[in-house]
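Coordinates in review
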Amino acid sequence: FPFGLYKVENLISLGIAFLIFLAGYEIIREVFFENRGMLLIRPATALATAAASALITYFYSFYVIKKGRQENSPAIIADGRHIRVDAFTSLVVAIGLAGRLLNIAAEKGATLLVAAFILKSGWDILKESLRVLLDASIDPKTLEQLREIITAHPAITNIREIIGRNSGSFTFIEGNLVV
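Definitions and limits used
- Residues numbered from 1 in each chain as written.
- Predicted model: local features only at pLDDT ≥ 70, side-chain atom pairs only at ≥ 80, totals over all residues.
- Heavy atoms only, no water.
- Helix = DSSP H or I, 4+ residues; strand = E, 2+ residues; numbered from the N terminus.
- Expected span 1.5 Å × (residues − 1).
- Contact = heavy atoms within 4.5 Å.
- Pairing = 2+ DSSP bridges.
- Buried < 20%, exposed > 50% of the residue type's maximum accessible area, 1.4 Å probe, protein only.
- Salt bridge = Lys/Arg side-chain N within 4 Å of Asp/Glu carboxyl O.
- Axes fitted to C-alpha atoms, helices over the stretch in contact; angles between N-to-C directions.
- Parallel < 35°, antiparallel > 145°, perpendicular 65-115°, else oblique.
- Nonpolar A, V, L, I, M, F, W, Y, C, P; charged D, E, K, R; others polar.

Description of helix H2 (residues 43-71)
With 29 residues, H2 should reach 42 Å at 1.5 Å per residue; the first-to-last C-alpha distance of 41 Å fits that figure. Taken together, the buried residues of H2 touch helix H3 (74-101).

Describing the pairing of strand E2 (residues 170-178)
Inspection of the sheet shows strand E1 (residues 158-167) paired to E2 by nine bridges, in the antiparallel sense. Among the inter-strand pairings, Ile163 is bridged to a residue of E2, identified as Glu174.

Description of the side chain of Arg165
Within the secondary structure, Arg165 is located in strand E1. With relative accessibility at 12%, the residue Arg165 sits in the buried group.

Focus on the pattern of salt bridges
One pass over the full model with this rule turns up four salt bridges. Among the ionic pairs, Asp135 bridges to Lys7, the shortest N-O distance being 2.6 Å. In this pair, Asp135 is assigned in the loop between helix H4 (107-133) and helix H5 (140-151) and Lys7 in the segment before helix H1 (8-33), connecting sequence segments 128 residues apart. The closest approach of N and O atoms between Asp124 and Lys120, which form a salt bridge, is 2.8 Å. Here the residue Asp124 and the residue Lys120 both occupy positions in helix H4, the gap between them amounting to four residues, near one helical turn. Linked by salt bridges that have partners in common, Lys7, Asp135 and Arg165 make up one network.

Structural notes on the packing of H3 against H4
Relative to each other, H3 and H4 sit at 175°, their axes nearing to 9 Å. Classed by the angle they form, the pair H3 and H4 counts as roughly antiparallel. Together, Ala78, Arg81, Val85, Phe88, Thr89, Leu91, Val92, Ile95 and Gly96 of H3 and Glu107, Ala110, Thr111, Val114, Phe117, Ile118, Ser121, Asp124 and Ile125 of H4 make up the contact between the two elements. Residue composition of the contact of H3 with H4, by class: eleven nonpolar, four polar and three charged.

What about the packing of H1 against H3?
Contact geometry of H1 with H3 gives a least axis separation of 8 Å together with a crossing angle of 10°. Judged by the angle between their axes, H1 and H3 are roughly parallel. Facing H1, whose interface residues are Glu9, Asn10, Ile12, Ser13, Ile16, Leu19, Ile20, Ala23 and Ile27, H3 presents Pro74, Ala75, Ala78, Asp79, Arg81, His82, Val85 and Thr89. Split by residue class, the contact of H1 with H3 holds ten nonpolar, four polar and three charged.

Observations concerning the environment of Ile28
Relative to the helices and strands, Ile28 is located in helix H1. Separated by 114 residues in the primary sequence, Ile28 and Thr142 place their C-alpha atoms 41 Å from one another. Residues in contact with Ile28, not counting those within four places in the same chain, are Phe33, Thr111 and Ala115.

Quick look at the structure:
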């Protein structure tokens, strides 16, 4: 697999995107189509736990995404976004509990808002994974910068062609140079 081996990370990211879509679907289905009543013995404790879980998980997702960017790992970045979905899920629970304590029906509105964030996160991961898996070219600005660097070398007289693509955490550049 001279070029395809590094795409395994993007296949993992693709799988994570589908899991995120599934989580969004399950949240919507649970709130809008499952009318199960919940008996809460200590709603204030449940609210505090859900809110703390949402905050901790949300900030942890930033750490994981930052590490993924440092390692240039699409799979770690996608996992960080998946962790953020878990934070949004806890947020829906916290809003629902707060609404219940205040006798306000806030759960369905919060669910739609959070589901939109979840689906957007899944779409972003899906789109980036497919770009790499389908060998989309790297952006023109980067190609132009590479062209400038290469032509600055005194042995290079012309660049006939230069193309680039991402594969996992690597970027492959191919060029046809005149020396």
